[in-house]
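In case you want the letters, here they are:
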Amino acid sequence: HLLLETRDEQQVVVGADGQQDDDGHGHHHELQFDAQQVLLSHINAMLGGLEWGLGQTTDATLHEWGSQRREQLRTLRTSIHEQVRDASATPTPFNPAYSMPGRPANPAATRAMWAQLQENVISAAGRVTAATQSQKRADAVKLMADELTHLGELGAATPTWPGWV
């Protein structure tokens, strides 16, 4: 989008197609859509890591957490797919061939792998929050906070503020 001029303290935003964005917020829609696609790619990677880890771990507590988390992420992925489709776009597909490291030596190594993948989900959720329009921002902040909670459940700390570049 290009900012062509300011009229009465309102910006006039024009897209690449030359059409004026009457509400002045069209650039948020594109950024939110892009951020949602990035979030989907990280959710997909986390799902791949959960599937792989669930098949490797012998720790019952960790297996239970991973199973519950997998179902939560599937529900979240479905919701984001619907939002992306509502924007007349094709959601980022799941790729079951995500590269995984060797078999974790112990439950702590599985937790560390899942925490790394969860950090990526949190960072992408931060991008969605930054790109979300003000009237929907509270939902995006809740999503980011929920994702932070899951990192804590793995016993990991947040190394940076989510989405901060």
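This text goes with the structure placed above it.
In this text the structure is predicted, and so the values were computed from the model without any measurement.

Undergrad: In this structure, what is going on with the overall build of the protein? I would like to understand it.
TA: What the protein contains, in helices and strands, is four helices and three strands. Reading the protein from its N terminus to its C terminus gives the helix and strand order β-β-β-α-α-α-α. Long-range pairs, those at least 24 residues apart, make up 66% of the contacts in the protein between residues at least 6 apart in sequence.

Undergrad: Just to check I follow, could you spell out the pattern of salt bridges for this structure?
TA: When their charged atoms lie close together, side chains carrying opposite charge are able to pair. For the structure on display, the rule yields six salt bridges. E51 is paired through a salt bridge with R74; the nearest N and O atoms lie 2.8 Å apart. Taken as a pair, E51 in helix α1 (residues 26–56) and R74 in helix α2 (residues 60–86) lie far apart in primary sequence, 23 residues in all. Taking relative accessible area as the criterion, E51 reaches 35% and is therefore assigned partly exposed. Of the charged contacts in the structure, one is a salt bridge between R74 and E71, with a shortest N-O distance of 2.9 Å. Of this pair, R74 and E71 both sit in helix α2, three residues apart, roughly one helical turn. Classification of E71 by relative accessible area gives partly exposed; the value is 39%. Connected through salt bridges with shared partners, the residues E51, R70, E71 and R74 form a single ionic network.

Undergrad: I tried to follow the layout of surface pockets on my own but got confused; where do I start?
TA: Empty pockets left among the atoms are what a rolling probe the size of a water molecule brings to light. Roughly 520 Å³ of internal volume is contained in the largest pocket. Lining the largest pocket we find 20 residues, and of these Q32, Q36, Q83, V128 and K136 sit closest to its centre. Among the elements of the structure, α1, α2 and α4 (137–153) are those that each provide at least two residues to the lining of the largest pocket. For the lining of the largest pocket, the per-class residue count stands at eight nonpolar, seven polar and five charged.

Undergrad: Quick question: what am I supposed to make of the environment of T132 here?
TA: Relative to the helices and strands, T132 is located in the loop between α3 (107–131) and α4. A C-alpha to C-alpha distance of 5.6 Å links T132 and Q32, two positions 100 residues apart in sequence. Apart from residues lying up to four places away in sequence, T132 is in contact with Q32, R137 and A140.

Undergrad: Can you help me understand the nonpolar core in this one?
TA: If you look at soluble globular proteins, the nonpolar side chains tend to sit buried side by side. Grouped together as the largest cluster of nonpolar side chains are 31 residues, with contacts concentrated most on L39, I43, M46, L73, I80 and W114. At the level of elements, α1, α2, α3 and α4 are the ones that each hand at least two residues to this core. Here this core gets ten residues from one element, more than from any other, and that element is α3. If near-sequence neighbours (up to four positions away) are discounted, I80 is found in contact with Q36, L39, L40 and I43.

Undergrad: Can you help me understand α4 in this one?
TA: In an α-helix, one turn spans 3.6 residues; hence positions three or four apart end up facing the same way. Its 17 residues give α4 an end-to-end C-alpha distance of 25 Å, which sits within 8% of 24 Å, the value for a rise of 1.5 Å per residue. Listed as buried for α4 are A140, L143, M144, E147, H150 and L151. The arc that holds the buried residues of α4, viewed along the axis, is 115°, so those residues lie on one side. Exposed and facing more than 90 degrees away from the buried side of α4 are A138 and K142.

Quick notes on the rules
- Residues numbered from 1 in each chain as written.
- Predicted model: local features only at pLDDT ≥ 70, side-chain atom pairs only at ≥ 80, totals over all residues.
- Heavy atoms only, no water.
- Helix = DSSP H or I, 4+ residues; strand = E, 2+ residues; numbered from the N terminus.
- Contact = heavy atoms within 4.5 Å.
- Salt bridge = Lys/Arg side-chain N within 4 Å of Asp/Glu carboxyl O.
- Buried < 20%, exposed > 50% of the residue type's maximum accessible area, 1.4 Å probe, protein only.
- 1 Å grid on protein atoms, 1.4 Å probe; cavity = no way out; pocket = protein on both sides within 12 Å on 5 of 7 lines; lining within 4 Å.
- Points joined across faces, edges and corners; volume = space filled by probe spheres on them.
- Nonpolar A, V, L, I, M, F, W, Y, C, P; charged D, E, K, R; others polar.
- Core = buried A, V, L, I, M, F, W, Y, C linked by side-chain atoms within 4.5 Å.
- Expected span 1.5 Å × (residues − 1).
- Arc of directions from axis to C-beta.

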